[in-house]
Amino acid sequence: MCAGGGTDVAASKGSIVNFADTGGLLGWPGFISHSVAKAGVVNLTKSLAKALAPEVRVNAIAPGTITMPGDPPEWEEEFVKLAPLRKTGQPSDIADAVCILGRRSLTGHVLL
């Protein structure tokens, strides 16, 4: 559940938050179909944002690597080597991003 309650979006009839990932923005040669699909999510987000505004806001989240409880430790070790901040995200980071996009007057945005 999102902390803080309330919203600064008057008269909104809704908010859609799509899930993409960095593969849709950067392209991953070993995962071409995945990258193409996520690029489609990014473009769908931008197109729907224009089509549904101002009643419905449409945004997306394109996180980097998120590790989950129970993931093998070696996965995180490998992911950290590739991450600019030298750490991975957590599921709570994604939940926080959904809450932020749900409360703000943004549409057509892809949060990285």
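Everything quoted here is computed from the prediction, not taken from an experiment.

Caption draft 1: Highlighting the state of the cysteines. The final tally for this structure, using the stated rule, is 1 disulfide. Disulfide partner of Cys2: Cys99, at an S-S distance of 1.9 Å. Where Cys2 bonds to Cys99 through sulfur, the torsion about that S-S bond is close to -90°, and the disulfide is left-handed. In this pair, Cys2 is assigned in the segment before β1 (14-19) and Cys99 in helix α4 (residues 91-103), connecting sequence segments 97 residues apart. Here Cys2 falls in the partly exposed class, since its relative accessible area comes to 37%. Judged by relative accessible area, which is 11%, Cys99 ranks as buried.

Caption draft 2: Local environment of the sheet that holds strand β2 (residues 56-61). Here we have 3 strands laid out as an open sheet, ordered β1-β2-β3, and parallel in their pairing. Each edge of the open sheet carries a strand with a single partner, namely β1 and β3 (110-111). With 6 bridges joining them, β1 and β2 adopt parallel strand pairing. Across the sheet, residue Asn18 finds its bridge partner in β2, namely Ala60. In the packing of helix α2 (residues 32-52) onto the sheet, the strands contacted are β1, β2 and β3, and the crossing angle to β2 comes to about 160°.

The rules behind the values
- Residues numbered from 1 in each chain as written.
- Predicted model: local features only at pLDDT ≥ 70, side-chain atom pairs only at ≥ 80, totals over all residues.
- Heavy atoms only, no water.
- Disulfide = S-S within 2.5 Å.
- Helix = DSSP H or I, 4+ residues; strand = E, 2+ residues; numbered from the N terminus.
- Buried < 20%, exposed > 50% of the residue type's maximum accessible area, 1.4 Å probe, protein only.
- Pairing = 2+ DSSP bridges.
- Contact = heavy atoms within 4.5 Å.
- Axes fitted to C-alpha atoms, helices over the stretch in contact; angles between N-to-C directions.

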